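Below are the chains, spelled out letter by letter.
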Amino acid sequence: MIAAFTYPVELHDGGNNLLATAKWIGIQWDRNEGKPNRLIYGSTAYAVEGAYSIEGDISGLVQLLEPVLSELGH
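Residues numbered from 1 in each chain as written. Predicted model: local features only at pLDDT ≥ 70, side-chain atom pairs only at ≥ 80, totals over all residues. Heavy atoms only, no water.

Counted by the stated rule, this structure contains 1 aromatic pair. Between the aromatic rings of Tyr41 and Tyr52, the centroid separation amounts to 5.8 Å while the plane-to-plane angle is 15°, which identifies the pairing as stacked. Of this pair, Tyr41 sits in strand E3 (residues 38-42) while Tyr52 sits in strand E4 (residues 50-53); the two residues are 11 residues apart in sequence, bridging distant segments of the chain. Under the relative-accessibility criterion, Tyr41 is labelled buried at 10%. Residue class for Tyr52 comes out partly exposed when judged on its relative accessible area of 31%. (Phe/Tyr/Trp six-rings, centres within 6.5 Å; stacked < 30°, edge-to-face > 60°. Helix = DSSP H or I, 4+ residues; strand = E, 2+ residues; numbered from the N terminus. Buried < 20%, exposed > 50% of the residue type's maximum accessible area, 1.4 Å probe, protein only.)

Here it is, written out as C-alpha cells:
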C-alpha cells in the first residue's frame with residue numbers, strides 16, 4: 001500500500017521521536033522469506049529514501065486494508 005501526501009508529513013516512532021519527513025509512505029506486509037513488515041518512505045517521485053521495520057502486530061491495519069485493496073484489484 002502506498003499513500004501520497006500533498007505536504008510533507010513527519011514520521012515518528014512509538015516514543016514520539018522524529019524519524020524522517022516524507023511526501024509518501026509505503027507499507028509492505030507478508031513479505032517473502034520471512035522478511036519483516038516494513039514502512040518505506042520518500043519525498044520525490046517514489047524514490048525510496050529510507051525504510052523501517054514495523055515491529056508489533058499490524059493485523060488490524062491489514063484487516064482494514066485488504067478488503068479495499070481487493071476491490072481495487074477487480
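Following the structure, the description resumes.
This part covers unusual backbone geometry. Peptide bonds are trans in most cases, and residues, glycine excluded, mostly fall at negative phi. With a phi angle near 55°, Asp30 is a residue other than glycine that sits in the positive phi range. Given a relative accessible area of 62%, Asp30 falls into the exposed group. Even without being glycine, Glu33 reaches a positive phi, approximately 60°. Position of Glu33 among the secondary structure elements: in the loop between strand E2 (18-28) and E3.

By the secondary structure assignment, Asn37 is in the loop between E2 and E3. According to the relative accessible area criterion, Asn37 is buried, its value standing at 19%. Residues contacting Asn37, with those up to four places away along its chain left out, are Gln28, Trp29, Asp30, Tyr52, Ser53, Ile54 and Ile58. (Contact = heavy atoms within 4.5 Å.)

Turning to the sheet that holds strand E1 (residues 2-12), a few remarks are in order. If you walk across this open sheet you meet the 4 strands as E1-E2-E3-E4, and the pairing is antiparallel. Edge strands, defined here as strands with exactly one partner in the open sheet, are E1 and E4. Each strand of the sheet is rotated relative to its neighbour by a mean of 40°, with strand direction disregarded. One ladder, built from 5 bridges, connects E2 with E3; its direction is antiparallel. Residue Ile27 lies in a different strand from E3, and its bridge partner there is Leu39. (Pairing = 2+ DSSP bridges. Axes fitted to C-alpha atoms, helices over the stretch in contact; angles between N-to-C directions.)

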